[in-house]
Amino acid sequence: MRQLQRSTAALPNGVVILNAQREIVWFNRMAAQLLELRSTADLGLRIDNLLREPEFLRYLTRQDYSNPVVIRPTMGEDTYLSLQVVPYGEGQLLLLVSDVSRQMRLEAVRRDFVANASHELRSPLTVISGYLETLGQDPAVDPDLLGPIAEMRRQAERMTGIIRDLIELSRLEETDEVVGGAPIDVAALLSLLRKDVLARPVHPHEVRVRVESAAQLIGDESEIHSAFSNLVDNAAKYTPPEGSIEMRWWTDQGGGHLAVTDTGFGIPAEHIPRLTERFYRVDAGRSRATGGSGLGLAIVKHVLQRHGARLEVQSTLGEGSSFICHFPPERLAQPVAAGLSTETA
Ligand code: ADP
């Protein structure tokens, strides 16, 4: 303990030692400065009585300390602090504190730029798309131009899709977590998504929905709809018509799980870790041909993160892929009247 204190006293990061009761045992100079701790008065006080930001209190009780939590203490307007708990010894906790205001400000500038640029591009694009549509239907137009006009319309639609996805991503990035939310009827949602696939001009011939749990998912309905619909859309885009898609919802002690499985082209293993990066495409040609923006899985990742969930990807080249969303148990609710269903096309 002495040695730990000596070696951390002069660190540029704040360090607070907490006992099993979460009472402050010791802190270094930087922690005192960042958290406005008083050297004698605050020793022995519980950290959750001193730091009352809801994000931090939730972080402490959740006991998943793998990532830091960022709080905005009320004392400084534009100050952001990153807090991370590291358990050590017998029930003791090390609380690491650093000032991340500069990173957060840069991040905000980047986010605003993307959001503003996307909004600005939307209006001129609407005008271009409008004229192209009119031209495409004008009988006076030289028939040789109809092909190029149709292609321009397709490309304008793609740009509209990219801009829509960029705007959605910046909105998702504004806050870290969906607090609360409403119970979502997963069976109804999957049934709707199945209809969307069947309404595509070309689609995998079989689209199955397997709902093995009546549990509802607690979250933001439009975000969850957007995430699941991106996964189902991908399954439809990257699976040939003779293939099939299955959406499966089930629950166990680990929580709620939604798997979207297809018998499509599959993804080479080396690409899997990077799929959720913005604009990352395994096969740019194929993605473009299907009208993809390369932002779909980035949206999925963000939505899941905001619901405390994670994405698992399994894929075998030439055989198919499975995208599985794992939601924690606290995101589940039991409906009043339970019923299970299976739909096949
Ligand atoms: P896109 O708009 O290009 O589909 P996404 O972010 O949704 O962008 O997906 C990123 C890339 O991951 C896609 O370009 C595609 O190469 C690959 N991918 C996603 N889902 C599947 C799937 N079900 N089967 C095969 N490849 C997929």
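Residues numbered from 1 in each chain as written. Predicted model: local features only at pLDDT ≥ 70, side-chain atom pairs only at ≥ 80, totals over all residues. Heavy atoms only, no water.

### Overview of the site of the ligand
No. 1: The full set close to the ligand counts 21 residues, and Tyr238, Ser287, Ser293, Gly294 and Leu297 are the nearest of them.
No. 2: Coverage of the ligand by the protein chains reaches 97% of its 540 Å² of free accessible surface.
No. 3: For the shell around the ligand, the elements supplying multiple residues, two or more each, are helix H8 (221-237), helix H10 (296-306) and strand E12 (320-327).
No. 4: With three residues, H8 is the single largest residue contributor to the shell around the ligand.
No. 5: When the residues that make up the shell around the ligand are grouped by side-chain class, the tally is nine nonpolar, eight polar and four charged. (Near = heavy atom within 4 Å. Areas by Shrake-Rupley, 256 points an atom, 1.4 Å probe, with all protein chains shown as cover. Helix = DSSP H or I, 4+ residues; strand = E, 2+ residues; numbered from the N terminus. Nonpolar A, V, L, I, M, F, W, Y, C, P; charged D, E, K, R; others polar.)

### Some remarks on the packing of aromatic side chains
No. 1: For the coordinates displayed, the defined rule picks out two aromatic pairs.
No. 2: Plain terms: the ring middles of Phe228 and Phe327 are 6.2 Å apart, the flat faces sit at 70 degrees to each other, and that makes the pair edge-to-face. Here Phe228 is found in helix H8, whereas its partner Phe327 is found in strand E12, with 99 residues between them in sequence. Assigned by exposure class, Phe228 and Phe327 land together as buried.
No. 3: Over the aromatic face of Trp250 sits the side chain of Arg248, whose NZ or CZ is 3.9 Å from the ring centroid. (Phe/Tyr/Trp six-rings, centres within 6.5 Å; stacked < 30°, edge-to-face > 60°. Buried < 20%, exposed > 50% of the residue type's maximum accessible area, 1.4 Å probe, protein only. Lys NZ or Arg CZ within 6 Å of the ring centre and 35° of its normal.)

### What about helix H7 (residues 186-198)?
No. 1: Its 13 residues give H7 an end-to-end C-alpha distance of 18 Å, which sits within 8% of 18 Å, the value for a rise of 1.5 Å per residue.
No. 2: Here H7 has its buried residues at Val186, Leu189, Leu190, Ser191, Leu193, Arg194 and Val197.
No. 3: N-cap assignment for H7: the residue whose side-chain oxygen lies 3.2 Å from the backbone N of Ala187 is Asp185. (Expected span 1.5 Å × (residues − 1). Polar contact = N/O pair within 3.5 Å; in protein donor to acceptor, adjacent residues only side chain to side chain.)

### With respect to the environment of Arg288
No. 1: With respect to the secondary-structure elements, Arg288 resides in helix H9 (residues 284-289).
No. 2: Here Arg288 falls in the partly exposed class, since its relative accessible area comes to 43%.
No. 3: Through-space distance from the C-alpha of Arg288 to that of Gln155 is 9.5 Å; in sequence the pair is 133 residues apart.
No. 4: Residues in contact with Arg288, not counting those within four places in the same chain, are Arg158 and Arg281. (Contact = heavy atoms within 4.5 Å.)

### Let's talk about the side chain of Arg158
No. 1: As for its placement among the helices and strands, Arg158 is situated in helix H6 (residues 143-173).
No. 2: No salt bridge is formed by the buried Arg158, whose closest oppositely charged neighbour, Glu151, lies at an N-O distance of 7.5 Å. (Lys, Arg positive; Asp, Glu negative; His and termini not counted. Salt bridge = Lys/Arg side-chain N within 4 Å of Asp/Glu carboxyl O.)

### With respect to the nonpolar core
No. 1: Counting 41 residues, the largest nonpolar core has Leu190, Ile224, Phe228, Trp249 and Phe327 as the members making the most contacts within it.
No. 2: Going through the elements one at a time, H6, H7, strand E7 (206-211), H8, strand E9 (244-252), strand E10 (255-262), H10 and E12 are the ones with two or more residues in this core.
No. 3: At seven residues, the largest contribution of residues to this core is made by H8.
No. 4: Summarising the domain contributions, this core has at least three residues from each of domain 2 (103-173) and domain 3 (182-343).
No. 5: In terms of nonpolar packing, the next biggest core, distinct from the first, is built from 23 residues, Phe27, Ile47, Ile71 and Leu81 among them. (Core = buried A, V, L, I, M, F, W, Y, C linked by side-chain atoms within 4.5 Å. Domains from an automatic or database assignment.)

### Comments concerning the sheet that holds strand E2 (residues 24-27)
Think of a sheet as strands paired side by side through backbone hydrogen bonds, with each pair either parallel or antiparallel.
No. 1: The five strands are arranged E2-E1-E5-E4-E3 in an open sheet whose pairing can be described as antiparallel. In the strand order of this sheet, the two ends are held by E2 and strand E3 (69-71), each with one partner. The mean angle between the axes of side-by-side strands here comes to 25 degrees, regardless of whether they run parallel or antiparallel.
No. 2: Where strand E1 (residues 14-18) and E2 come together, three bridges link them in antiparallel fashion. Residue Val16 lies in a different strand from E2, and its bridge partner there is Phe27. (Pairing = 2+ DSSP bridges. Axes fitted to C-alpha atoms, helices over the stretch in contact; angles between N-to-C directions.)

### So, the environment of Val100
No. 1: Structurally, the position occupied by Val100 is in the loop between strand E5 (92-99) and helix H5 (101-137).
No. 2: Along the primary structure Val100 and Ser82 are separated by 18 residues, whereas in three dimensions their C-alpha atoms are 6.2 Å apart.
No. 3: In contact with Val100, other than residues within four places in its own chain, are Val70, Tyr80, Leu81 and Ser82.

### Section: the packing of H7 against H8
Relative orientation and spacing of two packed helices are given, respectively, by the angle between their axes and the distance between those axes.
No. 1: Viewed as axis vectors pointing N to C, H7 and H8 meet at an angle of 40 degrees, and their least axial separation amounts to 10 Å. For the pair H7 and H8, the crossing hand works out as right-handed. Between H7 and H8, the contacting residues are Leu189, Leu190, Leu192, Leu193 and Val197 on the first element and Ile224, His225, Phe228, Ser229, Val232 and Ala236 on the second.
No. 2: Residue composition of the contact of H7 with H8, grouped by class: nine nonpolar, two polar and no charged. (Left-handed = near helix turned anticlockwise from the far one by under 90°.)

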